[in-house]
Number of protein chains: 2
Amino acid sequence: MTLMERRTPDRRKQVIEAASRSFAAFGYKATTMDQVAKAAGVGKGTIYTFFANKEELFEEILKDLIRELRAVAEETVDHSLPFADNLMQVLQRVLGYRDRHALIVKLSQEVRDLGTPMAKEGLETVERSIIAYIAGHLREPMDKGEIQRADPTLTAYMMLKMYLALTSEGSHLHEPLSAEEVLTNFRFYCIEGLAVR
Amino acid sequence: MTLMERRTPDRRKQVIEAASRSFAAFGYKATTMDQVAKAAGVGKGTIYTFFANKEELFEEILKDLIRELRAVAEETVDHSLPFADNLMQVLQRVLGYRDRHALIVKLSQEVRDLGTPMAKEGLETVERSIIAYIAGHLREPMDKGEIQRADPTLTAYMMLKMYLALTSEGSHLHEPLSAEEVLTNFRFYCIEGLAVR
DNA sequence: AACTGACCAAAATAACAATTCGGTCAGTTC
DNA sequence: GAACTGACCGAATTGTTATTTTGGTCAGTT
């Protein structure tokens, strides 16, 4: 197996990794198939034996990202712990993935500066996936009475919006917050609420 | 006075009203000074006796908008009532101002589609004003113990973000909410919080 | 059979011409 | 002579055409 790998290296993996790096570094538009082929040490045609076109290659990279985020959440969550604790743990770990965030950051910038439709679509796909994932994990704590009962999708959407408000977005309106501050404030605004108890 | 007005009509007011309508209808970029002059029934040069340039005219319109929003809030708030009630009342009134919102909506669209820097700057000015206004009105209920104590500016920022998340933004991710639903959900996510009490 | 890279059409970009628009000011009006 | 006007100007935008780049193919090599 190791010998076979050396003889016939996994072209698909090479392509994916080169593409992943390129999309994160230059965005969707500025990443060319020639460039990816060269970075992967592969002929351009080879890419097209695995992916029908640039769009599908991009979608595969996004799927990987989503899969990775999900895996992180999955392995962090301890179902015997309270919902809020798990949420904070996952957030903390996700916040640490600065380099994995690079793609998201780059795509956001590309949408802002260039308005590339594919980048926009990609971000929306990721957003929807995250919302769907969170929503799916809200029913349990709601049933257990750990958090208020409400529409899971809307709740997940609001949670993501609050998270983004505290991190990437509107960094020009308030000072960038440290990871710890993000955590504390997220707990405060999302879980606790403004009302006194 | 009334006779004088008829003889020498208030050119400045004419200009402002024409410009206000034009900016709301066509946005910043697509509003031309020739057009404003014609709509105001005024020579183009006259505009420049009141406003140094297009930018200053635009800023005056925005100041008016902010002044109006503030007035609405001022006359709605009853300091003997609980903070949350006042907040809901003001929100309800502001939500009703569909036509006054036209400028904001148009500018948001312009930023999204054209990326006009001046429109972006204008919206940020309005945002900052609203945040500053809310922040200034948070200290009292915090001191009274009506709401949790926290950084007023960050709190105001989060409140605005939640409001926008429920109204204009992300209407492609969830169905547009009715005014009533916006109110209920805003109360839920911003005031109450997800934690059970 | 797996892989390559020269090749092609379409799309993006650059270069240039034509038009529009913010801003000025000489001249008109009252 | 103060208030006002609109023809006029250069800068910026838009429309047009020439040039280059890039996604995707496929005959040929390994």
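Residues numbered from 1 in each chain as written. Chains lettered and ligands numbered in written order. Predicted model: local features only at pLDDT ≥ 70, side-chain atom pairs only at ≥ 80, totals over all residues. Heavy atoms only, no water.

Undergrad: Got a minute to help me understand the overall build of chain A in this structure?
TA: The helix and strand tally for chain A stands at 11 helices and zero strands. Shown N-terminal to C-terminal, the secondary structure of chain A runs as helices and strands in the order α-α-α-α-α-α-α-α-α-α-α. C-alpha extents for chain A along the principal axes are approximately 65 × 40 × 30 Å. Looking at chain A residue by residue over its 197 residues, the buried ones come to 44%. At a minimum sequence separation of 6, the contacts of chain A that also span at least 24 residues come to 60%. When the accessible area of chain A is evaluated, it comes to approximately 10800 Å², of which 54% is carbon and sulfur surface. One finds the centroid of the 26 positive side-chain charges in chain A at a distance of 6 Å from the centroid of its 29 negative side-chain charges. (Helix = DSSP H or I, 4+ residues; strand = E, 2+ residues; numbered from the N terminus. Buried < 20%, exposed > 50% of the residue type's maximum accessible area, 1.4 Å probe, protein only. Contact = heavy atoms within 4.5 Å. Areas by Shrake-Rupley, 256 points an atom, 1.4 Å probe, with all protein chains shown as cover. Lys, Arg positive; Asp, Glu negative; His and termini not counted. Charge placed at Lys NZ, Arg CZ, Asp CG, Glu CD.)

Undergrad: Teacher, can you tell me more about the protein's contact with DNA strand C here?
TA: Within the structure, DNA strand C sits among 15 residues, and Gly43 and Thr46 of chain A together with Met33, Lys44 and Lys54 of chain B are positioned closest to it. Sugar and phosphate atoms form 67% of the subset of DNA strand C atoms that lie within 4 Å of the protein. Between threonine 31 of chain B and DNA strand C, the recorded distance is 3.2 Å, taken from a backbone N or O atom to a phosphate oxygen. Looking at the surface near DNA strand C, the elements that each hand over two or more residues are α4 (44–50) of chain A together with α4 (44–50) of chain B. (Near = heavy atom within 4 Å. Polar contact = N/O pair within 3.5 Å; in protein donor to acceptor, adjacent residues only side chain to side chain.)

Undergrad: I would appreciate a short explanation of the state of the cysteines in the present structure.
TA: Working definition: the covalent bond between the sulfur atoms of two cysteines is a disulfide. A complete count under the given rule lists zero disulfides over all chains for this structure. Free of any disulfide, cysteine 190 of chain B has its nearest cysteine sulfur in cysteine 190 of chain A, 11 Å distant. On the accessibility criterion, cysteine 190 of chain B (2% relative accessible area) is buried. (Disulfide = S-S within 2.5 Å.)

Undergrad: I'm lost on the packing of aromatic side chains in this one. Help?
TA: Aromatic rings in a pair are described by how distant their centres are and how their planes are angled relative to each other. Evaluated as defined, the whole model comprises eight aromatic pairs over all chains. Relative to tyrosine 28 of chain B, the ring of phenylalanine 23 of chain B lies with its centre 5.8 Å away and its plane at 5°, an arrangement referred to as stacked. The buried category is assigned to tyrosine 28 of chain B, whose relative accessible area is 11%. Members of the aromatic cluster, connected to one another through ring pairs, are Phe23, Tyr28 and Phe58 of chain A. The residue whose ring lies beneath lysine 54 of chain A is tyrosine 28 of chain A, and the NZ or CZ to ring-centre distance is 4.4 Å. (Phe/Tyr/Trp six-rings, centres within 6.5 Å; stacked < 30°, edge-to-face > 60°. Lys NZ or Arg CZ within 6 Å of the ring centre and 35° of its normal.)

Undergrad: What should I look at first to understand the interface of chain A and chain B in this one?
TA: Facing the 38 residues of chain A at the interface are 38 residues of chain B. In total, chain A and chain B occlude about 3400 Å² of area from one another, counting both sides; carbon and sulfur atoms represent 67% of this. On inspection of chain A and its partner chain B, the count reaches 14 residue pairs in polar contact (both at pLDDT 80 or more). If you list the elements that add at least two residues to the side of chain A that touches chain B, you get α8 (117–136), α10 (152–166) and α11 (179–192) of chain A. At nine residues, α10 of chain A tops the list of elements feeding residues into the side of chain A that touches chain B. Class assignment of the residues belonging to the side of chain A that touches chain B gives a composition of 18 nonpolar, eight polar and 12 charged. (Buried area = accessible area lost by both parts, 1.4 Å probe. Nonpolar A, V, L, I, M, F, W, Y, C, P; charged D, E, K, R; others polar.)

Keep in mind that these numbers describe shape and distance, not what the molecule does.
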